[in-house]
Number of protein chains: 4
Amino acid sequence: MAKKIKLGIIGGGGDSLIGVLHRIASFINDNYEIVGAVFNPVWEENINFAKQIGIKTDRIYVDFDTLIEEELKLPKEDRIQVCSVLTPNFLHFPMAKKLLENGFHVICEKPMTTTFSEAKILQSVLEENNAVFAVTHTYTGYPMVRQMREMIKDGALGKIQKVDAQYYQGWLNPVIHEKEKRASTWRLNPEKAGISCCFGDIGVHAFNMIEFTTGMQIDAILADLNYLYEDNKMDIDGTALIRFNTNAKGVIRSSQVATGEENNLTIAIYGDKGGFRWEQENPNFLYVLSDDKPVQVYKPGHAYNSELSLDGTKLPPGHPEGIFDAMANIYLGVARAVRGEAYNSGEFPTVMDGVRGMSFIEKAVESHQKGNVWLKIED
Amino acid sequence: MAKKIKLGIIGGGGDSLIGVLHRIASFINDNYEIVGAVFNPVWEENINFAKQIGIKTDRIYVDFDTLIEEELKLPKEDRIQVCSVLTPNFLHFPMAKKLLENGFHVICEKPMTTTFSEAKILQSVLEENNAVFAVTHTYTGYPMVRQMREMIKDGALGKIQKVDAQYYQGWLNPVIHEKEKRASTWRLNPEKAGISCCFGDIGVHAFNMIEFTTGMQIDAILADLNYLYEDNKMDIDGTALIRFNTNAKGVIRSSQVATGEENNLTIAIYGDKGGFRWEQENPNFLYVLSDDKPVQVYKPGHAYNSELSLDGTKLPPGHPEGIFDAMANIYLGVARAVRGEAYNSGEFPTVMDGVRGMSFIEKAVESHQKGNVWLKIED
Amino acid sequence: MAKKIKLGIIGGGGDSLIGVLHRIASFINDNYEIVGAVFNPVWEENINFAKQIGIKTDRIYVDFDTLIEEELKLPKEDRIQVCSVLTPNFLHFPMAKKLLENGFHVICEKPMTTTFSEAKILQSVLEENNAVFAVTHTYTGYPMVRQMREMIKDGALGKIQKVDAQYYQGWLNPVIHEKEKRASTWRLNPEKAGISCCFGDIGVHAFNMIEFTTGMQIDAILADLNYLYEDNKMDIDGTALIRFNTNAKGVIRSSQVATGEENNLTIAIYGDKGGFRWEQENPNFLYVLSDDKPVQVYKPGHAYNSELSLDGTKLPPGHPEGIFDAMANIYLGVARAVRGEAYNSGEFPTVMDGVRGMSFIEKAVESHQKGNVWLKIED
Amino acid sequence: MAKKIKLGIIGGGGDSLIGVLHRIASFINDNYEIVGAVFNPVWEENINFAKQIGIKTDRIYVDFDTLIEEELKLPKEDRIQVCSVLTPNFLHFPMAKKLLENGFHVICEKPMTTTFSEAKILQSVLEENNAVFAVTHTYTGYPMVRQMREMIKDGALGKIQKVDAQYYQGWLNPVIHEKEKRASTWRLNPEKAGISCCFGDIGVHAFNMIEFTTGMQIDAILADLNYLYEDNKMDIDGTALIRFNTNAKGVIRSSQVATGEENNLTIAIYGDKGGFRWEQENPNFLYVLSDDKPVQVYKPGHAYNSELSLDGTKLPPGHPEGIFDAMANIYLGVARAVRGEAYNSGEFPTVMDGVRGMSFIEKAVESHQKGNVWLKIED
């Protein structure tokens, strides 16, 4: 193995869960070392956090611009190679853009940008700068999600005819019914969270999961969103009918007021030769359905799985690996790309996933606003 | 207990599964005896079937009209009281209508009629004739489905905000992809099966399940159906967005090409105080969700259940009762109604369920044909 | 189909659940009609119960001996052919014996007798009288239990090397910890319930399930029972190590103080070619394990199942059939035997199952009392 | 947070899965940095592995004795504080002993020693040297396992009356039936793997899980082991009856020829107030049973959980954490102990767990060899 890849981190300090997830993921496969960071815009918290997690403080920078400026002064072999952007949503775009323009590879949290037009700009910046760019649609890192993709590619389901993805959470329920609470939650503030809450935050994962596993692109959607209260400006629930360029159809269902649901992302895919069912809360079980044979339960780590799936499993069957491992698999793919090694296109989501995701969110809101009409997804 | 109720049966002979289901259901709670029938339009098969299942042959009639004519000649105390209509779909309406007009109570298989306008006629005939009428939405007879209804009525979920019902089967998959097969299947022939295949046959169960459990009426739908092939005239898959008169929204998903699915009817209901999840293939498990407490798993037969649920359980907890018991519960409710005993309105589906179901089917097809627009459900 | 078989019933009146179970089972496949009975030793309750469930009262007898006496006076073609014995345990033996001696076929509730020596007597009476005799180990009637038996017979698991059966209930927990309650419960009274409570009532089902599915005979056991309190005379929990004549070993675990368990009968069987897992509370799911292939989930009604399994399924896949159907399958097998038709030996448990079951119970108690030593099962 | 703890690692190089597990666990909570190691006895592999995983090579030592010698020369503040022993089983004892004698804290893989007498020596060495010592019974690190322990401590189950633990794997099945394979597998060679294969390797986990969760000590066992073939010298399957000092009883079931099982560790615990069921392959679901209330499903991360459980969860509910996280929780507990911070005794298994585990293994084999008699567990 080559030397460890030099990783920079923007954001993710303090109690940030996303920070924990990325740091652990970067460690798991022995590919990265964190060499520089801006964990927090407040200097004292920034430097203290670095000490707390045991990062050397010489390359903890006062802010993002300084990080870029100072790193560029370093000889190329010492410089940060990949930078993870874990800041609030509206900063993803300008930071990712500037990083790419200055020759850094980028791992960007989701949503990649706050608008589709920003996403298109990022896409063209990336094309001009020969860099690796990953959007962390973490769930694509699960071994059994990868197994679905590979089996579909190999024709196990035949021609896809029906797709149904769900992402249900209930966390907004204790917030939404009290006027003051819903007025003061940043996720429900369009100025802070963009055009959409539910579809922007989680519906887009369901969208991406469909495109990732089926290898098909969603052509058009018709969406109906729910805001529950008139003074609430952001969708907190909704359903989108979907169409492909084939005769397949489907549905994306998403909610943050599905009371009592934790993080219930599921997908069901049916083709003329077979079907799949998978649930994120039991990620190690993939149900393979057929017309005339018993249901088969695929589990990670077995030799019957595809290479892409096995590559994402570290331990023998029966040892549950979880969400950290899913994210780690994405970091592993990025490492291979950064090093110029061969990798499977399923190893990490790219800028195109980000672009299409932003289109999905914008078109969903627009379809709803226009009275639930069909609109094309663009990229 | 009063004397057994005299039951007549139209259809359901030979290999008919629906015939088995109704006969067993009529027996289970010791309320009915089959005294007369037309099991089959072919006389020899009719009479032989009666012998085969051990029914006395003196009141096996040559056809439906003869049954009515001859039964009316009998003294009232000997005459058929309730008649189960298990014939092909297009005969449900004329037979049910004539039975009601002649003073019989009716248990009618689903779909109640083939059009909404027939359904409205039946409704008015029923209003003129003081009779008991049940449509066999069998799944409403499951103890845990009844438990949902009662708990929602008691406010356990608070105000409903999201409803999601699914009915996925895969049985058409081996048929639909071959031109000759799809041309020769009666379910796909509009002349034989009416306006809709998937929504008419199973989507309407999901519709009824929502109205039964929530006690709310669906106000309007927007549907997108899938026919997969241009020469196929009947929907075999589809999704309907639904709206209530409240701010709640939801979705009905239905498919007969969800390859490998058997009879996967599920419902999820979310209110501001809690949520429910239930699956027909594991009917004895009701999952009760909340914001801040562990998920609770309700099972039949326990004292913590509602009266309506317990009334539908014959054995102690842990002894799985199945679909025969669900149908039997509906027969039990009808028996109480026929005898003029008190009963819970949840014990059997009425003509109004049939009327609304027909409206759902017709509006779904119309919504699709008009380019996926919202249409009101009528009753 | 031949004429219905004439069925007599002893016991099972009033609130008896076992009475419900047998009556429904006898009806389900259209093979039996109840023509005579002694439902209750109190005449008024006896006759009223017959009226309540709609049985003609001319052959409701004052007691068991009268039933035999009067039925023998009837011409053979009118006489009860099969008699179901649903009385308290200590009456099973004398009644079954007398029925057999007088030329009746018998369906006997479990335990067949209260001692092994009675069981042996019954066995020899049966050998002298050419009759059909079934002990209602109901769980062997489940389609997926039958499927295990047939697949093992066909070699699907190879040579069996490990068997683990569990029967856990918790219903005694609210009784056992209060001195007065445990003193007054008939199940805990050796004079009323025989030598064993937990092993006699449910452990023996686990024993039978092992012998039924594997087709192997348990050779010897070593048992450790638990009575929890010194003044409690009956086992309420226990474990038996088991050995076969091969190198296979296993364990039978049984409890009535497994707090919160309902009726949790499970079996796991492992051979050198594969394994099975099955649970009574989800009886329609059979998990088939292998070294190197995905777990397969077998479900009833599919063409991939064995004849014996399919024979026990009335409806298409996905329509849950339950415990009534399991018992009905046993009644169906008895009907075939009574009519002299061909049947699979797995269709109903015989006197030999009863004999071995009684030996299991007695040897379990003896093994425990002797300080947990190995004892041979006899038959 | 204080500075990172200096961690040394012995073994775990190359493809070692246990090495991966420990390294990731040491990283996850930001408490450790690996400063020294002997990854492999072959120098070239040792140093290359260090490079491969990005560890500085200046304190990669040629062998274990050199590591101790050289580290002791370093000033205390630079020296390895904790050393993880991941070597073959027979080396655990001498290495752990020498480390303790030289003032290092130790995290020791399981089995702690190869005999009970070694375990007792290690215990006394530890008492003489004031050090932290953990045996990695990894499964005790799962949040829901910790939740069981805390709830039992708080009386949620009342007085324990029945315990049933299972650890079934099938990995030996493809090995055991071929004479050459079983002769050449080190796990089946008593000289390499000690006195027991199945009970030594996995049965002891079930034993520890019982003592960890219930807080009770197993008093005596009676074991029956299975070797399947006469030329096989090591148990590959077995069952142990267990007794406590109370009137509770139970069973430990363990197998490596449960064909098709992956890593199926389960525990069921029943007290007079309630019961628990938990499975390692679905570690985020804890089923809480009661006499009269619905089953409750506890999941990690919710505020209703105990402190000890919540301390082991990093992400919100619904984000599956897996086996790496379980091990990481143990490392976290050790870190607290090393730093002299307060910690819950459930945070890591101690030498006493190791001592009792060794006694369990030895007594199990002895019980079997003496003809399945009861023997006391010692510590």
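Residues numbered from 1 in each chain as written. Chains lettered and ligands numbered in written order. Predicted model: local features only at pLDDT ≥ 70, side-chain atom pairs only at ≥ 80, totals over all residues. Heavy atoms only, no water.

1. Here's the deal with the relation of the copies chain C and chain B
Here is the rule we go by: What sets the superposition is a least-squares fit of C-alpha atoms, and only residues with pLDDT of at least 70 in both copies go into it. Contact between two residues is taken to exist if any of their heavy atoms lie within 4.5 Å; hydrogens are not considered.
Between the two copies, chain C and chain B, the superposition gives an RMSD of 0.0 Å; the rotation angle is 180° and the shift along the axis is 0.0 Å. Taken together, these values place the two copies in the relation of a two-fold axis. Of every C-alpha in chain C, the one belonging to Gly322 of chain C sits nearest the axis of rotation, 2.3 Å from it. Same-surface contact between copies: 100% of interface residues of chain C are shared with the interface of chain B.

2. A short note on helix 12 (residues 323–338) of chain C
Residues and elements named next belong to chain C. Selection rule: Secondary structure counts use DSSP, requiring at least four H or I residues in a row for a helix and at least two E residues in a row for a strand, with both numbered from the N terminus. Expected span of a helix, by definition, is 1.5 Å for each gap between consecutive residues, and there is one gap fewer than residues. Per-residue accessibility, obtained with a 1.4 Å probe over protein chains only, is compared with the maximum for each type, and a residue is labelled buried under 20%, exposed over 50%, and partly exposed between these values.
Over its 16 residues, helix 12 runs 23 Å from end to end, which matches the ideal 22 Å to within 8%, given 1.5 Å per residue. In terms of burial, helix 12 is largely enclosed, as 16 of its 16 residues are buried. Trailing helix 12 by a residue or two, Gly340 shows a phi angle of about 75°, which is positive.

3. Description of the interface of chain B and chain A
When the parts of a complex come together, some accessible area is lost, and that lost area is often used as the size of the interface. Heads up, the rule is: When two components associate, each loses some accessible surface as probed by a 1.4 Å sphere; the sum of these losses over both components is called the buried area. In the sections that follow, a salt bridge refers to a side-chain nitrogen of Lys or Arg positioned within 4 Å of a carboxyl oxygen of Asp or Glu.
Listed as interface residues are 46 residues of chain B and, on the opposing side, 46 residues of chain A. Surface buried jointly by chain B and chain A totals about 3400 Å² across both partners, of which 45% is contributed by carbon and sulfur atoms. Among the residues of chain B in contact with chain A, Gln161, Lys162 and Thr259 of chain B are the three that bury the most area, contributing 16% of the side total. If you look at where chain B meets chain A, you find ten salt bridges.

4. Describing the sheet that holds strand 1 (residues 5–11) of chain A
All names here are of chain A. The criterion, for reference: Strand pairing is assigned whenever DSSP identifies at least 2 bridges connecting the two strands. Here the axes come from fitting lines to C-alpha atoms, over the contacting stretch only for helices, and the angles between their N-to-C directions go from 0 to 180 degrees.
The strand order across the open sheet built from five strands is 2-1-3-4-5, with neighbouring strands paired in parallel fashion. The open sheet is flanked by strand 2 (32–38) and strand 5 (133–135), the only strands paired with a single partner. With direction set aside, neighbouring strand axes in the sheet form an average angle of 20°. One ladder, built from six bridges, connects strand 1 with strand 2; its direction is parallel.

5. Topic: the side chain of Thr87 of chain A
You can see Thr87 of chain A is positioned in the loop between strand 3 (82–86) and helix 4 (89–101). Taking relative accessible area as the criterion, Thr87 of chain A reaches 11% and is therefore assigned buried.

6. Comments concerning the UniProt feature "domain: Gfo/Idh/MocA-like oxidoreductase N-terminal" (unreviewed entry) in chain A
Put simply, the rule is: UniProt positions are given in the numbering used here, feature names are shortened, and annotations may be inferred rather than shown by experiment.
In the numbering adopted here, UniProt assigns the feature "domain: Gfo/Idh/MocA-like oxidoreductase N-terminal" (unreviewed entry) to residues 6–137 of chain A. Helix makes up 44% of residues 6–137 of chain A and strand 19%. Its end C-alpha atoms lie 22 Å apart.

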